[in-house]
Amino acid sequence: MELILKAGAAALLCALTGLLIKKHNPEATLLLGAAASAGILIASLGILNGFQELRRQLEKMLGAGGELLIAPIVKCLAIAIVTRFATDLCRDASQNALASAVEMAGTACAMTAVLPPLLSVMKMIGELT
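This report concerns the structure included in the present document.

Conventions and cut-offs
Residues numbered from 1 in each chain as written. Predicted model: local features only at pLDDT ≥ 70, side-chain atom pairs only at ≥ 80, totals over all residues. Heavy atoms only, no water. Axes fitted to C-alpha atoms, helices over the stretch in contact; angles between N-to-C directions. Helix = DSSP H or I, 4+ residues; strand = E, 2+ residues; numbered from the N terminus. Parallel < 35°, antiparallel > 145°, perpendicular 65-115°, else oblique. Contact = heavy atoms within 4.5 Å. Nonpolar A, V, L, I, M, F, W, Y, C, P; charged D, E, K, R; others polar. Salt bridge = Lys/Arg side-chain N within 4 Å of Asp/Glu carboxyl O. Buried < 20%, exposed > 50% of the residue type's maximum accessible area, 1.4 Å probe, protein only. Expected span 1.5 Å × (residues − 1). Arc of directions from axis to C-beta.

Moving on to the packing of helix α1 (residues 2-22) against helix α2 (residues 26-44). To describe two helices that pack against each other, one gives the angle between their axes and the distance between the axes. Look at α1 against α2: their axes get within 9 Å of each other, and the N-to-C directions meet at 175 degrees. One way to sum up the angle between α1 and α2 is to call them roughly antiparallel. Taking contact as the criterion, the partners of Leu3, Ala7, Ala10, Ala11, Cys14, Thr17, Gly18, Ile21 and Lys22 in α1 are, on α2, Pro26, Ala28, Thr29, Leu32, Gly33, Ala36, Ile40, Ala43 and Ser44. Here the contact of α1 with α2 is composed, by residue class, of 12 nonpolar, 5 polar and 1 charged.

The next thing to look at is the pattern of salt bridges. Throughout the structure, instances matching the rule amount to 3 salt bridges. With a closest N to O distance of 2.9 Å, glutamate 2 and lysine 6 form a salt bridge. Note that glutamate 2 and lysine 6 are positioned in helix α1 at a spacing of 4 residues, about one turn of the helix. Under the relative-accessibility criterion, lysine 6 is labelled exposed at 52%. Ionic pairing is found between glutamate 103 and arginine 91, a salt bridge with its closest N-O pair at 3.2 Å. Placement of glutamate 103 in helix α5 (residues 96-128) and of arginine 91 in helix α4 (residues 66-92) is noted, with a sequence separation of 12 residues between them. For arginine 91, a relative accessible area of 36% translates into the label partly exposed.

Here we take up unusual backbone geometry. Phi at serine 94 takes a positive value of approximately 60 degrees, unusual for a residue other than glycine. Structurally, serine 94 can be placed in the loop between α4 and α5.

So, on to the environment of leucine 62. On the secondary structure map, leucine 62 appears in helix α3 (residues 48-62). Residue leucine 62 is classed as partly exposed on the basis of its relative accessible area of 44%. With 16 residues separating them in the primary sequence, leucine 62 and glycine 46 have C-alpha atoms 26 Å apart. If near-sequence neighbours (up to four positions away) are discounted, leucine 62 is found in contact with Leu69 and Ile70.

What follows concerns α1. For α1, with 21 residues, the first-to-last C-alpha span of 30 Å sits near the 30 Å given by 1.5 Å per residue. All of the buried residues in α1 are Ala7, Cys14 and Gly18. When α1 is viewed along its axis, its buried side chains cluster within an angular range of 40 degrees and face the same direction. Opposite its buried face, α1 presents the exposed residues Glu2, Leu5, Leu12, Leu13, Leu19 and Leu20, each directed more than 90 degrees away. Buried residues along α1 sit against α2.

This is the structure we're talking about:
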């Protein structure tokens, strides 16, 4: 809860500062937004330590196949975060076509990350019939 309050305050301060300098130096506004976004993203990575512990517990519960199921989920989450971050920065720079290309690449990467467990599930279904 504390992190979101700090992140919101930092984002608001950055947005207001960006509005003040946009008229005189629009490039600096983009860099300010990118730097603030990166800072907030880095600060939020600390929360993922709790997620790592949950991941280890799930792997123990699932046994040998746990990594096969959990790793793609983690990869998809990472892909989604990076994709969202990059597309928002592209849209802030008024590069909508570039943002769409990043979204397409993110979708392709997520699909690729999910294929191994999907194939495993399909193989299990095939063995049941």
